[in-house]
Amino acid sequence: MSGSDLPGVEVEKRVSALDGTVKLLFRFGDGAPAESVVMFHKGRASVCLSSQSGCACGCVFCATGALGLRRDLSAGEIVAQFAACREAAGGAAHSIVFMGMGEPFLNWENVRGAIAALSDQKSWNIPQSRMTVSTVGVVPGIEALAASDLKVNLAVSVVTADEGLRGRLVPMSARYPLGEVMAAARRCGERRRRTVFLEYILFGGLNDSLADAAGLAALARGMDCTVNLIRYNSAAGSGLAAPDQATAKDFQKALMAAGVRAYMRRETGSDIAAACGQLAGGGPVRGQRE
Ligand code: SF4
């Protein structure tokens, strides 16, 4: 199966000259766009899929925050992205992240349907434990995952531990404050006995101080979690800046000194607008662990 197996779908492929990252641009039958990314690391392909065409959430650091929501993608359209990505990866894909365009928990029924299809042993046979659903903080979605028997991982895009600043960067915070999001994520992790991933984009001079690291460490305290850090890609056109390498490293060290498992992610595909914040819908942290 390839992306073109759906009627009327067009797929355009771009390949990064920097690191081989592949971006696929889909246009479905009604013209709705979506983008997927294939990242390679140590011989394995990881696939980032879109759950919606556009996004209603309007996060200010996301290239498509301004795009708005075109529409939800069907389970078939999500699976079609995977099929085309797998083909672009040479016929094998190791893991899947739902971190492309859209907020997966605002299209949960279709994302769930795609997860079921992709993990079907008679079909794509990708273990659910190699799939990650990333949310900007939709509490009912986190609760729905907690109540389900799905084995997929949960990632929460924290953005900042400062509620006031988060309110300015993530409009969804007005509905679901970070305290409620973290409490729901903690319950979800405990109930399912799974590590929760906390995604944290470092913006230069905004959320990258040692005090910010202390705030994040306080959020993570006592929780089975892993923090994934990524330096913001300043080319995303939001006016926000990337932190310098030394500041980002100090942030990671401060987390680790506070007993928090923290990794710095390697940015991928920045020359083809496939890096975090560039993918027409952006999404939270993507990239490979350094
Ligand atoms: S970061 Fe995610 S939730 Fe926020 S606007 Fe972008 S795609 Fe939507």
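Reading the values: rules and limits
Residues numbered from 1 in each chain as written. Predicted model: local features only at pLDDT ≥ 70, side-chain atom pairs only at ≥ 80, totals over all residues. Heavy atoms only, no water. Buried < 20%, exposed > 50% of the residue type's maximum accessible area, 1.4 Å probe, protein only. Helix = DSSP H or I, 4+ residues; strand = E, 2+ residues; numbered from the N terminus. Pairing = 2+ DSSP bridges. Salt bridge = Lys/Arg side-chain N within 4 Å of Asp/Glu carboxyl O. pLDDT = per-residue confidence, 0-100. Contact = heavy atoms within 4.5 Å. Arc of directions from axis to C-beta. Expected span 1.5 Å × (residues − 1). Axes fitted to C-alpha atoms, helices over the stretch in contact; angles between N-to-C directions. Left-handed = near helix turned anticlockwise from the far one by under 90°. Nonpolar A, V, L, I, M, F, W, Y, C, P; charged D, E, K, R; others polar.

(A) Region of interest: the pairing of strand E4 (residues 44-48). Of all five residues making up E4, four are buried, and the element is well covered by its neighbours. Note that strand E3 (residues 33-41) and E4 share five bridges and pair antiparallel. Across the sheet, His41 pairs through a bridge with Arg44, a residue of E4. Across three bridges, E4 lies against strand E7 (residues 95-98) in parallel orientation. When the bridges of E7 are listed, Val47 appears paired with Ile96.

(B) Broad picture of the pattern of salt bridges. This structure, assessed with the given rule, holds six salt bridges. Salt-bridge contacts for Arg71 lead to Asp30; the nearest nitrogen and oxygen are separated by 2.6 Å. Residue Arg71 is found in strand E6 (residues 69-72), and its partner Asp30 is found in the loop between strand E2 (22-27) and E3; the two are separated by 41 residues along the sequence. According to the relative accessible area criterion, Arg71 is partly exposed, its value standing at 22%. With relative accessibility at 45%, the residue Asp30 sits in the partly exposed group. With a closest N to O distance of 3.4 Å, Glu143 and Arg187 form a salt bridge. Of this pair, Glu143 sits in helix H3 (residues 139-147) while Arg187 sits in helix H5 (residues 178-192), placing them 44 residues apart in sequence. Residue class for Glu143 comes out partly exposed when judged on its relative accessible area of 37%.

(C) Broad picture of the confidence of the model for the chain. On average, residues of the chain score 90 in pLDDT, and 89% of them are at 70 or above. Across residues 281-285, where pLDDT falls below 50, the model places 26 contacts with residues more than four positions away in sequence or in other chains.

(D) View of the pairing of strand E10 (residues 196-202). Burial within E10 is extensive, with seven of its seven residues counted as buried. Burial of the side chains of E10 extends over both faces: Val196, Leu198, Tyr200 and Leu202 are buried on one face and Phe197, Glu199 and Ile201 on the other. Pairing of E10 with strand E11 (residues 225-231), which is carried by seven bridges, proceeds in the parallel orientation. By the bridge assignment, Val196 is partnered in E11 with Cys225.

(E) Looking closely at helix H6 (residues 210-220). All of the buried residues along H6 are Asp212, Ala213, Leu216, Ala217, Leu219 and Ala220. Down the axis, H6 shows its buried residues gathered within 155 degrees of arc, on one side only. Exposed residues on H6 whose side chains face more than 90 degrees from its buried face are Leu210 and Ala211. Where the residues of H6 are buried, they touch H5, E10, E11 and helix H7 (245-257).

(F) Unusual backbone geometry, seen in detail. For Asn125, which is not glycine, the phi dihedral falls at a positive 60 degrees. Topologically, Asn125 is positioned in the loop between helix H2 (108-119) and strand E8 (131-135). Residue Asn125 is classed as partly exposed on the basis of its relative accessible area of 43%. Not every positive phi belongs to a glycine, and Val159 is a case in point at roughly 70 degrees. Checked against the element boundaries, Val159 lands in the loop between strand E9 (153-157) and helix H4 (163-169). The buried category is assigned to Val159, whose relative accessible area is 1%.

(G) Focus on H5. With 15 residues, H5 extends 21 Å from end C-alpha to end C-alpha; this agrees with the ideal 21 Å at 1.5 Å per step. Elements that come into contact with the buried residues of H5 comprise H3, E9, H4, E10 and H6. Looking one or two residues beyond H5, the residue adopting positive phi is Arg193, at roughly 50 degrees.

(H) Fine view of the packing of H6 against H7. The contact between H6 and H7 brings their axes to 9 Å, and the two run at 35 degrees. H6 and H7 meet at a crossing whose hand is right-handed. Along its contact with H6, which presents Leu210, Asp212, Ala213, Leu216 and Ala217, the element H7 presents Asp250, Phe251, Ala254 and Leu255. Of the residues contributing to the contact of H6 with H7, the split by class is seven nonpolar, no polar and two charged.

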